[in-house]
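Coordinate analysis (summary)
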Amino acid sequence: MSPALTTEKDDRASAAAGSPGSAGAAGSVSIAHVHKAFGRPGAAQPVLEDINLRVRPGEFVCILGASGCGKSTLLNLIADLDEPSSGAIEVPAGRPALMFQEHALFPWLTAGKNIELALRLRGVPRADRRPRAERLLELVRLSGAHGKRVHELSGGMRQRVALARALAQDSRVLLMDEPFAALDAITRDVLHEELTRIWSETGVSVLFVTHNVREAVRLAERVVLLSSRPGRIVREWEVDIPQPRRIEDAAVADLSVEITEELRGEIRRHGQQ
Amino acid sequence: MASSKTTRGAEVGEADGGKQPMEKSVEKSATTAGAGHPGQDLAGLEAGLDALDAVQTKRVSPTEVLVQKVLPPIVAVVFVLALWKVLVLAEVTPDYKLPDPGLVWDSLRELWLRGELLDIIWTSVSRGLFGFLIALAIATPLGLVVARVKFIRAGLGPILSGLQSLPSVAWVPPAVIWLGLNDQMMYTVILLGAVPSIANGLVAGIDQVPPLFLRAGRTLGARGLVSARHILLPAALPGYVAGLKQGWAFSWRSLMAAEIIAKSPDLGLGLGQYLENQRNNSDMAGVLLGILLILVVGIAIELLIFAPIERRVLRSRGLLASAH
């Protein structure tokens, strides 16, 4: 790893201050030469290698890869839960919203109060929180769920509340870490449609991590394939299929086959080494 | 693709300025949805899924509660009393060692008629609860610090766990020497018994907080004390409440040990002293009454104060079997 690549965490601050020199336009995510390694210096295991990626404002990008490609690590870096070993990450002002595979809702709060807590931590005044939480629940079509306890909701409803909580951060960027992986196929299909709708209604940029090729093609405007150990960007596809798409569409299937071939090739490489 | 890209770009531009993306775009989604599958369809589909998947919360009827929760302990108590009576009738041991249950009842009545019963109970209960509250005030910050500060944990953690296994009776002799025969001595013994168990409960509760909650809290912008207040402490509450329950049991036990051992006219008459006095009078019925009162009061406080708190905490999180 080149020592010349220094961590430029301060870029976040300057981007927030609207410095004219910063590469990222308002609302876009830009990742430049990001490396990440875990472990002691010297014996460090590289997880991400020279990642370069720009997400345009309002763009929907899926990051695709087999296990060990560092997908989640990349999201953690963008969400500022972890520091890159080197390279620079720029995000729009404010903290990116992050949604996990597990709903991560707080079980001691009701669905509505979970959203209100997010608003509160963002500094929204008390009087505004309740109506805003109601509006967000309406957006994910859970109007009646404000007083519901987390354990009273189904898996799909929990993920929708989690989505509403993430949207409560009013961030320009929504990071999603395999958010639908644990759901049954019917629910997942409905949530794909729901997410596409909410994305087009809110104009938020989405960076969606998955290992499900069809899901990636169903949702994204652009699919980015990562190699494994270390994660490197192998190829990108622009998805030209107009929305609304369905996961059963022939065009979705065709592109999925092409991408799957490439993904399998990547995986095979590991068996040969 | 080119056309879809330009529409997206335009929409983002508007969202940048207008800052009202939600309301504005509802009409948009209605038009796009009209092309293939109407948005109404999706809403209906979702409502159906929600209805199918929704977790049913069953309300337990009062009769069920009576049969499942109240009846078994009553049967058990009746059984023990019957066994006692049979042993007395069979004269397995002289009656100065095992008096008739009726004699114990007479002692209780006598105590009540002399107007001393409630005084004796209140003396002990007020001491126990007050001592418990002090222990709570000390143990909570202590537990927080031990759980979150590595250095302090390495130093104090083993001592706290060790203290938990030390019978608190052992503290009575030193406490008498340090403080003399007074209430302070009692409270000291209670604290030495209850503080470690409450603090340990909190530490265990914090250790069991899923890291996911802390990560989720961080992405929402909660750090440091804000995170402790909104995420860490509420998440650790079940373990903390379990620690409180145990802390009360330790308080009560320590107090009884102190009351039995330390006797002085300056100390009011509590349950422990009553028990010890009856032993001196060789009044076995009184001794058994003393033990039963200590038992009943300890259980009553747990059932009336701690069990409802614990049930509420667990039920609200869906951690009680009966909630489903």
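Residues numbered from 1 in each chain as written. Chains lettered and ligands numbered in written order. Predicted model: local features only at pLDDT ≥ 70, side-chain atom pairs only at ≥ 80, totals over all residues.

By the naming in an unreviewed UniProt entry, chain A goes by Sulfate ABC transporter ATP-binding protein and is assigned to Streptomyces antioxidans.

1. Here's the deal with the overall build of chain B
What counts here: Per the convention used, a helix needs a DSSP run of H or I reaching at least four residues, while a strand needs a run of E reaching at least two, with both numbered from the N terminus. Neighbour density around each residue's C-beta defines its exposure: 20 or more other C-beta atoms within 10 Å make it buried, 12 or fewer make it exposed, and counts between make it partly exposed, where C-beta atoms are placed from the backbone. A pair of residues counts as a contact when their C-beta atoms, built from backbone coordinates, are within 7 Å of each other.
What chain B contains, in helices and strands, is 13 helices and zero strands. Element order for chain B, N to C, with α for helix and β for strand: α-α-α-α-α-α-α-α-α-α-α-α-α. Counting over 324 residues, chain B shows a buried share of 29%. Expressed as a percentage of contacts within chain B between residues at least 6 apart in sequence, the contacts between residues at least 24 apart total 73%.

2. Some points on the overall build of chain A
Looking only at helices and strands, one finds eight helices and nine strands in chain A. Counted over contacts in chain A with a minimum sequence separation of 6, partners at least 24 positions apart contribute 72%.

3. A few points about the environment of Glu 178 of chain A
Residue and element names in this part refer to chain A. One can find Glu 178 in the loop between strand S6 (173-177) and helix H6 (185-202). Put simply, Glu 178 and Arg 122 are 56 residues apart on the chain and 25 Å apart in space, counted from C-alpha to C-alpha. If near-sequence neighbours (up to four positions away) are discounted, Glu 178 is found in contact with Gln 101, Val 209 and Thr 210.

4. Focus on the pairing of strand S4 (residues 86-90) of chain A
Residue and element names in this part refer to chain A. Basically, it comes down to this: Strand pairing is assigned whenever DSSP identifies at least 2 bridges connecting the two strands.
Burial analysis of S4 places four of its five residues in the buried class, which makes it a mostly covered element. Relative to S4, strand S1 (residues 29-38) runs antiparallel, the two being bridged by four bridges. The residue of S4 that forms the bridge with Ile 31 is Ile 89.

5. Quick word on the sheet that holds S6 of chain A
Residues and elements named next belong to chain A. For the record, the criterion: Orientation is described by axes fitted as lines to C-alpha atoms, over the contacting stretch for helices, and by angles from 0 to 180 degrees between their N-to-C directions.
Judged by pairing direction, the sheet is mixed, and its six strands sit side by side in the order S5-S6-S7-S3-S8-S9 without closing on themselves. Two strands close off the open sheet at either side, each with one partner strand: strand S5 (97-99) and strand S9 (233-238). Ignoring strand direction, the axes of neighbouring strands in this sheet form an average angle of 15°. Relative to strand S8 (residues 222-226), strand S3 (residues 60-64) is paired through four bridges, and the arrangement is parallel. Bridging across to S8, Leu 64 finds its partner in Leu 225.

6. Looking at the packing of helix H6 (residues 117-148) of chain B against helix H7 (residues 150-165) of chain B
Residue and element names in this part refer to chain B. Where we set the bar: Small angles under 35 degrees read as roughly parallel and large ones over 145 as roughly antiparallel, with 65 to 115 read as roughly perpendicular and the rest as oblique. When the near helix sits turned anticlockwise from the far one by under a right angle, the crossing is termed left-handed; a clockwise turn instead gives a right-handed crossing. In this classification, Asp, Glu, Lys and Arg are treated as charged, Ala, Val, Leu, Ile, Met, Phe, Trp, Tyr, Cys and Pro as nonpolar, and every other residue, Gly included, as polar.
H7 packs onto H6 with a crossing angle of 125° between their chain directions and a minimal axis gap of 8 Å. By the angle between their directions, the pair H6 and H7 is classed as oblique. When you trace H6 past H7, the crossing you get is left-handed. Of the residues in H7, those in contact with Val 145, Val 146 and Ala 147 of H6 are Ile 152, Arg 153, Leu 156, Gly 157 and Leu 160. Taken together, the residues of the contact of H6 with H7 break down into six nonpolar, one polar and one charged.

7. A closer look at the domain arrangement of chain B
A common way to express how large an interface is: the accessible area buried when the components associate. Applicable threshold: What marks off one domain from the next here is an automatic or database domain assignment.
Along its sequence, chain B is organised into domain 1 (59-92) and domain 2 (103-323). Spacing between the C-alpha centres of domain 1 of chain B and domain 2 of chain B amounts to 28 Å.

8. Some remarks on the environment of Leu 75 of chain A
All names here are of chain A. With respect to the helices and strands, the residue Leu 75 is situated in helix H2 (residues 71-78). For Leu 75, a count of 23 C-beta atoms within 10 Å puts it in the buried group. For the pair formed by Leu 75 and Val 209, sequence separation is 134 residues and the distance between their alpha carbons is 8.1 Å. Those residues in contact with Leu 75, other than ones at most four positions away along the chain, are Leu 98, Leu 175, Asp 177 and Val 209.

9. As for the UniProt feature "domain: ABC transporter" (unreviewed entry) in chain A
Our working rule: UniProt positions are given in the numbering used here, feature names are shortened, and annotations may be inferred rather than shown by experiment.
UniProt annotation of "domain: ABC transporter" (unreviewed entry) refers to residues 29-253 of chain A when read in the numbering used here. Spanning residues 29-253 of chain A, this segment combines 34% helix with 25% strand, and its end C-alpha atoms are found 29 Å apart.

10. A word on the sheet that holds S4 of chain A
All names here are of chain A. The strand order across the open sheet built from three strands is S2-S1-S4, with neighbouring strands paired in antiparallel fashion. Looking at the sheet topology across the chains shown, the edges are occupied by strand S2 (45-55) and S4. Neighbour-to-neighbour, the strand axes of the sheet open up by a mean angle of 20°, direction not taken into account. Examined bridge by bridge, S1 and S2 share seven bridges and lie antiparallel to one another. The partner of Val 34 across the bridge, within S2, is Ile 51.

11. Quick notes on unusual backbone geometry
Residues and elements named next belong to chain A. Cis peptide bonds are those with omega within 30 degrees of zero, and the linkage from Gln 243 to Pro 244 qualifies with 0°. Position of Pro 244 relative to the elements: it lies in the loop between S9 and helix H8 (250-272). Despite not being glycine, Ala 104 shows a phi value in the positive range, around 60°. Among the secondary structure elements, Ala 104 is positioned in the loop between S5 and helix H3 (111-121). Judged by the 22 C-beta atoms lying within 10 Å of it, Ala 104 falls in the buried class. The phi torsion at Asp 170 lies on the positive side, around 55°, for a residue other than glycine. Following the sequence through the fold, Asp 170 ends up in the loop between helix H5 (155-168) and S6.

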